Amino acid sequence: MTQSIATIALVVADYDEAIAFYRDAVGFALAEDTSLGPDKRWVVMTPPGGAGARLLLAKADGPEQEAIVGKQAGGRVMLFLETDDFARDHAQMLARGVQFLEAPRHEAYGSVAVFADLYGNKWDLIEPRR
């Protein structure tokens, strides 16, 4: 049997601002944007190269979901964006306005730096040591 995580839902405040951030600042591609009725869309972003899980941008629906926007992992790093060239991607993301919360670190497992998305969710940009 083979299984994989295909899509991860990320609760966002607004579809269009989230699309703009992930496309223009992080470098993802908009793979799908389908209307599902009034004020609801199926919005899927994919990382450069299209490998790995896709990111479903799910607009918060009601106060309970609105309260977790930017806090889905309780302040911990939530998602890990793996790259084949840390220096290249770090420099590009900085130039596009992505806020890194620390300087790059070179650990036994690879090069890494934590960044925040537009709502404050923490991500690792990581190039694993091969």
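The paragraphs below set out a description of the structure included in this document. Note that the structure is predicted; figures quoted are calculated from it, not measured.

## Points about the nonpolar core
Point 1. Of all hydrophobic cores here, the largest spans 28 residues; its most connected members are Tyr 22, Val 26, Leu 55, Leu 57 and Phe 115.
Point 2. Elements represented by at least two residues in this core include exactly strand S1 (7-12), helix H1 (15-26), strand S3 (41-46), strand S4 (54-59), strand S5 (77-82), helix H3 (86-95), strand S8 (110-116) and strand S9 (122-128).
Point 3. Excluding residues that lie within four positions of it along the chain, Tyr 22 makes contacts with Leu 10, Gly 27, Phe 28, Met 45, Leu 55, Leu 57, Asp 117, Leu 118 and Trp 123.

## Brief notes about the pairing of strand S2 (residues 29-35)
Point 1. Judged from the six bridges that link them, S2 and S3 form a sheet pairing that is antiparallel. Residue pairing across strands places Leu 30 opposite Met 45, the latter belonging to S3.
Point 2. Turn length for the S2-S3 hairpin, with the two strands adjacent in sequence and antiparallel, is five residues, and the turn residue Gly 37 shows positive phi of about 120°.

## Topic: the packing of aromatic side chains
Point 1. This model, assessed by the stated rule, comprises six aromatic pairs.
Point 2. With 5.8 Å between their ring centres and 45° between their planes, Tyr 22 and Trp 123 make a pair best called tilted. Placement of Tyr 22 in helix H1 and of Trp 123 in strand S9 is noted, with a sequence separation of 101 residues between them. As far as the burial class goes, Tyr 22 and Trp 123 line up, both buried.
Point 3. With a centroid separation of 5.6 Å and an interplanar angle of 55°, the aromatic rings of Phe 100 and Phe 115 are classed as tilted. Within this pair, whereas Phe 100 is found in strand S6 (residues 99-100), its partner Phe 115 is found in strand S8, the two being separated by 15 residues in sequence.
Point 4. Classification of Phe 115 as buried rests on a relative accessible area of 0%.
Point 5. Through successive ring pairs, a cluster of aromatic residues spans Phe 21, Tyr 22, Phe 28, Phe 100, Phe 115 and Trp 123.

Cut-offs applied
- Residues numbered from 1 in each chain as written.
- Predicted model: local features only at pLDDT ≥ 70, side-chain atom pairs only at ≥ 80, totals over all residues.
- Heavy atoms only, no water.
- Core = buried A, V, L, I, M, F, W, Y, C linked by side-chain atoms within 4.5 Å.
- Buried < 20%, exposed > 50% of the residue type's maximum accessible area, 1.4 Å probe, protein only.
- Helix = DSSP H or I, 4+ residues; strand = E, 2+ residues; numbered from the N terminus.
- Contact = heavy atoms within 4.5 Å.
- Pairing = 2+ DSSP bridges.
- Phe/Tyr/Trp six-rings, centres within 6.5 Å; stacked < 30°, edge-to-face > 60°.

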